[in-house]
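Chain and residue survey
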Amino acid sequence: MALIVQKYGGTSVGSVERIKNVAKRVAKARAEGHDVVVVVSAMSGETNRLVALAQEIQEIPDPREFDVILSTGEQVTIGLLAMALKSIGVEAKSYTGWQVALKTDNAHTKARIEDIDDAKMRADLQDGKVVIVAGFQGVSGNGDITTLGRGGSDTSAVALAAALKADECQIYTDVDGVYTTDPRVVPEARRMETVTFDEMLELASLGSKVLQIRSVEFAGKYKVRLRVLSSLTEGGDGTLITFEEDPNMERAIVSGIAFDKNQARINVRGVPDKPGIAYQILGTVADANIEVDMIIQNVGTEGTTDFSFTVPRNDYKKALEVLQALQHTIGAQEVSGDDTVCKVSIVGLGMRSHVGVASKMFRALAADSINIQMISTSEIKVSVLIDEKYMELATRVLHKEFGLDAAK
Ligand code: ADP
Ligand code: ASP
Ligand code: MG
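This is a predicted model, so every value here is computed, not measured. (Residues numbered from 1 in each chain as written. Chains lettered and ligands numbered in written order. Predicted model: local features only at pLDDT ≥ 70, side-chain atom pairs only at ≥ 80, totals over all residues. Heavy atoms only, no water.)

Take the overall build of the protein chain next. Each helix and strand counted, the protein chain has 13 helices and 18 strands in total. Taking 2.2 N^0.38 as the reference for a compact globule, 408 residues should give roughly 22 Å; the C-alpha atoms of the protein chain span a radius of gyration of 23 Å, in line with that estimate. Dimensions of the protein chain, computed from C-alpha atoms along their principal axes, come out at roughly 75 × 50 × 35 Å. Burial status across the protein chain gives 52% buried among its 408 residues. Intrachain contacts of the protein chain at a sequence separation of at least 6 include 74% that bridge at least 24 residues. Only carbon and sulfur atoms are counted for the fraction: they give 49% of the accessible area of the protein chain, which is about 18,800 Å². Computed over 45 positive and 56 negative side-chain charges, the inter-centroid distance for the protein chain is 3 Å. (Helix = DSSP H or I, 4+ residues; strand = E, 2+ residues; numbered from the N terminus. Rg over C-alpha atoms; globule rule 2.2 N^0.38 Å. Buried < 20%, exposed > 50% of the residue type's maximum accessible area, 1.4 Å probe, protein only. Contact = heavy atoms within 4.5 Å. Areas by Shrake-Rupley, 256 points an atom, 1.4 Å probe, with all protein chains shown as cover. Lys, Arg positive; Asp, Glu negative; His and termini not counted. Charge placed at Lys NZ, Arg CZ, Asp CG, Glu CD.)

Here it is, written out as structure tokens:
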């Protein structure tokens, strides 16, 4: 008998029929003798609907109230799933994030989990009940509802698995595992039996939304056995995230490709080139709770310098606002930006032992006349910022270039 955390994403609970199917899967795990904690997302499209509703009233919604609204989607699915389970004779009980309680910091819309109280869940499991927890939400120290960022139910599931020391955390979604790239963009993409934790961390952080980045971080920190599976098909082992590299395995140079449209570029031109200027600009952005990713500074002529950096697209307007307010103080000639850019990245542990991977990437993009605006590299990834209209083309070109297309 094992303790399993199962997470079902939006498509997997997208209709009453699908929720009934989820109930059957949970019932099967119970019948096999396992204790089961289920984390569910909102029904597909629901969170987007709630975002749009809020934005009809405020273009940049009040963060506290935004979370009050966004968290409602998951509350519906926990109740529906609990009823579906009870109606097939499986005892179950649903909990919202605050009821558990899943405690977070105060960073509304991107809160971080700080602590999980497992007492109620343990008592229910002891009583033979299936515990159902609303994903994506928690409660802050002052009792406000928080949400964990889009795709955050993955993180709820892995964090619960860590807190409960579960034997496995199973992420059920609408694809049957982690692929070499998004199979919706590249039909030739292949499912990986296993993917190393380091590669998964890069893929997730670079935009591959099959797992939210923080869920992978949690899995690494607490060594949670994490598997991605399909809720729409029967059987299959999905993809297991592994923590140890198999030294005998011949590694592909590039294992996967990620792309991310949630990107915007900001340019701050013609600021005095003096110590502290980078801090003044980037510190102001950080104080607005906006994450900065790629950064380029070019020293110009006449004692000035130019900065370009990327921020998440949904923070673009806010970042422009805070920098335009600062423009006079720092003496910048221009604050501008572009929110029609995207980032495409190649990832692979095999890069460590191969030179020329980046130049191969740039050559392939150039051959298709794709212009590169920014570049960033690490030991196991190379990312480029390009015009978003080339995102799919760039992904397909690179998937082929690095030999990832499935044999036909
Ligand atoms: P859920 O609602 O179950 O959380 P998501 O839409 O968040 O599902 O994540 C699953 C989707 O992630 C897939 O439908 C697929 O389009 C996309 N995806 C992106 N990159 C990958 C990848 N490398 N492997 C598998 N799926 C990927
Ligand atoms: N419902 C939330 C979202 O759409 C959380 C999740 O699905 O993981 O982002
Ligand atoms: Mg998701």
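On to the site of ligand 1, then. Surrounding ligand 1, one finds 16 residues, the nearest of these being Thr173, Asp174, Tyr179, Asp182 and Arg184. In the environment of ligand 1, an oxygen atom lies 2.7 Å from a nitrogen or oxygen atom belonging to the side chain of Thr173. A distance of 2.8 Å separates an oxygen atom of ligand 1 from a polar atom in the side chain of Asp182. Compared with its free state, where it exposes 570 Å², ligand 1 has 89% of that area covered by protein. (Near = heavy atom within 4 Å. Polar contact = N/O pair within 3.5 Å; in protein donor to acceptor, adjacent residues only side chain to side chain.)

It is worth spelling out the side chain of Ser345 at this point. Its location among the elements puts Ser345 in strand 16 (residues 334–347). Judged by its relative accessible area of 0%, Ser345 is buried. One polar contact links Ser345 to Ser383, side chain to side chain, over a distance of 2.8 Å. Look past the residues within four positions of Ser345 in its chain and what remains in contact with it is Leu206, Gly256, Ile257, Ala258, Val382 and Ser383.

To continue, consider the nonpolar core. Residues Cys169 and Met200 are the most contacted members of the largest nonpolar core, which totals 43 residues. A total of seven residues in this core trace back to one element, the largest contributor, which is helix 7 (residues 153–164). (Core = buried A, V, L, I, M, F, W, Y, C linked by side-chain atoms within 4.5 Å.)

Attention shifts here to the sheet that holds strand 6 (residues 130–134). Two modes of strand pairing occur in sheets, parallel and antiparallel, and in both the strands are linked by backbone hydrogen bonds. Read across the sheet, eight strands follow the order 3-6-2-1-9-11-12-10 without closing on themselves; strand pairing throughout is mixed. Both outer strands of the open sheet, strand 3 (92–95) and strand 10 (194–196), are each paired with one neighbouring strand and no more. The average undirected angle you get between the axes of adjacent strands in this sheet is 20 degrees. Where helix 4 (residues 72–87) meets the sheet, its contacts fall on strand 2 (35–40), strand 3 and strand 6, and the angle it forms with strand 6 comes to roughly 165 degrees. The strands touched by helix 7 are strand 1 (3–8), strand 2, strand 6, strand 9 (168–173) and strand 11 (226–230); relative to strand 1, the strand with the most contacts, the crossing angle is about 175 degrees. (Pairing = 2+ DSSP bridges. Axes fitted to C-alpha atoms, helices over the stretch in contact; angles between N-to-C directions.)

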